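Now for the letters of each chain:
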Amino acid sequence: MAVVIPHSVLAAGWIPFVVIIVLAFLFSWFYIRYYQSRHDSEVSSTLTAIAALAITLLTSALVPVDIFLVSYMKTPDGHFKSWAADNQTRQSIEDAVLYSYYALYCAVMVFAFLLIPFMYFFYEEKDEDSTCRSRCCAALKFTVAFIIVAAILLLIGALAPLSAPPAKNSTDWERLHFLFNELGSNHGEDAISFAISSLTLLGMLALITYTAYGMTALPFTWIKGVRAAKRERLEVCEDREDLEERRNRLHVKYQDGRRMTNRDRKEMDELDEKLHLLRRRERHLLSAERSWLNKCFIVCRPFQMVFGIVFILLALIIFVSLLLSCIDRILHGLGYKMGYALPKPQLPNPVDIVMVNTQKVFPLDYILISAIIMYWVFCSMAGIKQMGIWFFWIRMYKIRVQRTRPQALLFMCMILMLIVLTNNIMLYTLSPQYVTFGSQHYWQNETNHATNETFATLLPCNLNATQAECTMTRMSTLTTRFFYKVWFFGACYYWGTWGFLGIFVLGFIVSIVAKCMSSPLTDICPGFHRVHRG
């Protein structure tokens, strides 16, 4: 029998997600075009970066939709709505969300192991004498290595048995039959989960490096603000005048026709080169000063400071929630052999408490959870922009406005994809109750032992409720299936969270010290940056 889903559910849940898809691609197009180099770009790399960034944003945006749909099935008094009373209807909605997660995760794998590496090497082979065919062949040759790594991860996940293997005295045929049954019983889910979990370990390293630093760098940058284009242009103009004066003195020194010494010739060449760069910088700043975007920034400066203060407060709340959650898991969790899983939280969690209490004011809780997710994504972008892209101690690329190379944009999108995969795990750690059940409630029968009377109590949904009473989000189900199926991954995520908290504290201290050192000097001595550069 066909399942009919009410139009109100489609309008409330999926139509906003379609709007988010359009906005994600528009934002990705604007962001990539804003940072890509004017003189060093290619259509194929640009389109790949835009698509990769859009997929990244959609993977994050699906979580609030997931939470909203399971919450929308029930009324505030704990009963399923008439259209959701049938288990088959609920299952069809859950399957639609689940397949959306699968599609996005598979898209992330395709981009991570195939498209981004191929486009990276395709651009690297760009030359005046090269043809499209030769570039494709060379890029495919290097991309094969990534495909082999993906195949190895899928094979390990598919063939490594997670359930009890057959007895030691079983035949080779029985063992082979067991492996095929394992692979067929979960339709290759173990293979995909192992590959995705391996990617999330890399994402955890990127989260610790970039997101933890970006959570402090972004708010303090907004509070402190950037130097005005006019002020910077005047400083560059003063630098240019100083260099021109030094050059004129050298020129006057040899007006009598004497031959210039090698030392003075070298100094003259250096001055000419610096003057050329300063004049170009001055023209660029003059153009930026007259642009409408600069005028908008000046008007929005007070709002930027307010948002900076709000962001730093949000970062501190997230830090406290993650810290309490980590302490709770090590004190009351199931240990490293179970990935430090926590059956029932014992310590208060500020974010979880806020999310559960804001359910009473629709749609405040969905706005907050969406804001937290987008905040993490934008902090990751800010961290990558400020730090650049590093390979251990080697700085590979810088992210600069309209001067970023295509390889850097592809690397940035790859890092953001890995971070978003890990963000979904961190979100489950940050607010386990809300991310698992949303705003659902259920009735629990309790007995008064003194009077031997039975009465019902309305409670928020938790793990003690049955599947018929509460519906778990697909995100929480996938987190258990994918990321905590092997205890090793759960333990790595747990200790990675501690690393994230440590880098956040370090970045917070560095941001405060940098602000205290820079602000007084720029206020008292506007030419400090000019002297420092010199």
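Going by the annotation in an unreviewed UniProt entry, the name recorded for the protein is Lysosomal cobalamin transport escort protein LMBD1, with Branchiostoma floridae given as the source organism. Checking UniProt for the protein, the heading Sequence similarities (unreviewed entry) contains the comment "Belongs to the LIMR family. LMBRD1 subfamily."

Asks: Explanation requested: the state of the cysteines in the structure shown.
Replies: A full pass over the atoms with the stated rule returns one disulfide. With its sulfur 1.9 Å from that of its partner, Cys-461 forms a disulfide with Cys-470. An S-S torsion of about -75 degrees defines the bridge between Cys-461 and Cys-470 as left-handed. The buried category is assigned to Cys-461, whose relative accessible area is 0%. Taking relative accessible area as the criterion, Cys-470 reaches 4% and is therefore assigned buried.

Asks: Just checking my understanding: could you explain the pattern of salt bridges for this structure?
Replies: Two side chains of opposite charge can pair, provided their charged atoms sit close to one another. Counting across every chain of the model gives two salt bridges. Across the pair Glu-42 and Arg-135 runs a salt bridge whose closest N-O atoms are separated by 3.0 Å. Taken together, the residues span a long stretch of sequence, with Glu-42 in the loop between α1 (7-35) and α2 (43-72) and Arg-135 in helix α4 (residues 132-159) at a distance of 93 residues. Residue classification places Glu-42 among the buried residues on the basis of a relative accessible area of 16%. Between Arg-474 and Glu-94 there is a salt bridge whose closest N-O contact spans 3.4 Å. Of the two residues, Arg-474 sits in helix α15 (residues 474-483) while Glu-94 sits in helix α3 (residues 87-124), which places them 380 residues apart along the sequence. Pair check on accessibility: Arg-474 and Glu-94 agree, each one buried.

Asks: Is there a simple way to think about a negative patch on the surface in this case?
Replies: Residues Glu-124, Glu-125, Asp-127 and Asp-129 make up a contiguous surface patch of negative charge. Tracing the backbone through its elements, the reader meets Glu-125 in the loop between α3 and α4.

Asks: Any chance you could explain the side chain of Arg-474 here in plain terms?
Replies: For Arg-474, a relative accessible area of 11% puts it in the buried group. Within the structure, Arg-474 has its side chain in polar contact with the backbone oxygen of Met-472 (distance 3.1 Å). Residues in contact with Arg-474, not counting those within four places in the same chain, are Asp-66, Glu-94, Val-97, Leu-98 and Tyr-101.

Asks: Even after reading the chapter, I still don't get the nonpolar core, so can you show me in this structure?
Replies: Across soluble globular proteins, you tend to see nonpolar side chains buried next to one another. Judged by nonpolar contacts, the single largest core of 104 residues is most densely connected at Ile-32, Met-215, Trp-376, Met-412, Leu-427 and Phe-500. Here this core takes 19 residues from α3, the largest share from any one element. Residue contacts for Met-215: discarding those within four places in its chain leaves Ile-312, Ala-315, Ile-318, Tyr-375, Trp-376, Cys-379, Phe-500 and Phe-504. With nine residues, the next largest nonpolar core counts Val-236, Tyr-254, Met-268 and Leu-271 among its residues.

Asks: How do you make sense of the packing of aromatic side chains when you look at a structure like this?
Replies: Aromatic ring pairs are reported here in terms of the distance separating the ring centres and the angle at which the planes meet. This structure, assessed with the given rule, holds 20 aromatic pairs. Here Tyr-34 and Tyr-35 contribute two aromatic rings whose centre-to-centre distance is 5.1 Å and whose plane-to-plane angle is 85 degrees, an arrangement assigned as edge-to-face. Just above the ring of Phe-80 sits the side chain of Lys-74; from NZ or CZ to the centre is 4.8 Å. Sitting above the plane of the Tyr-72 ring, Lys-81 keeps its charged end 3.7 Å from the centroid.

Procedures and definitions
- Each chain has its residues counted from 1, running along the sequence as written.
- At least 70 in pLDDT is required for a residue's local features to be given in this predicted model, at least 80 for side-chain atom pairs to be given and counted, and no such filter applies to totals for whole chains, interfaces and linings, which use all residues.
- Hydrogen atoms and water are omitted, and side-chain values are computed over all heavy atoms in the structure.
- UniProt positions are given in the numbering used here, feature names are shortened, and annotations may be inferred rather than shown by experiment.
- Throughout, a disulfide means two cysteine sulfur atoms within 2.5 Å of one another.
- For every residue, the accessible area obtained with a 1.4 Å probe (protein chains only) is divided by the maximum for its type, and the residue is called buried under 20%, exposed over 50%, and partly exposed between those limits.
- Any Lys or Arg side-chain nitrogen located within 4 Å of an Asp or Glu carboxyl oxygen qualifies as a salt bridge.
- A helix here means a DSSP run of H or I that spans at least four residues, while a strand means a run of E at least two residues long, and both kinds are numbered starting from the N terminus.
- A patch consists of residues whose relative accessible area exceeds 30% and which take part in no salt bridge; residues with like charges are grouped when within 9 Å of each other, and nonpolar side chains (Val, Leu, Ile, Met, Phe, Trp, Tyr) when within 5 Å.
- Note on areas: these come from Shrake-Rupley sampling with a 1.4 Å probe, and a residue is covered only by the protein chains present in the view.
- Only four residue types enter the tally: Lys and Arg on the positive side, Asp and Glu on the negative side, with His and both chain ends excluded.
- Working definition for charges: the position is that of NZ of Lys, CZ of Arg, CG of Asp or CD of Glu.
- Two N or O atoms form a polar contact when they lie within 3.5 Å of each other; inside protein one atom must be a possible hydrogen donor and the other a possible acceptor, and for residues adjacent in sequence the pair counts only when both atoms belong to side chains.
- By definition in these notes, contact holds between two residues if any of their heavy atoms fall within 4.5 Å.
- Throughout, nonpolar core names a set of buried Ala, Val, Leu, Ile, Met, Phe, Trp, Tyr and Cys residues whose side chains join them through atoms within 4.5 Å.
- What counts as a ring pair is set by centres within 6.5 Å for rings of Phe, Tyr and Trp (its six-membered ring), and what kind of pair is set by the plane angle: stacked under 30 degrees, edge-to-face over 60, tilted for all other angles.
- Geometrically, a lysine NZ or arginine CZ counts as sitting over a ring once it is within 6 Å of the ring centre and also within 35 degrees of the ring normal.

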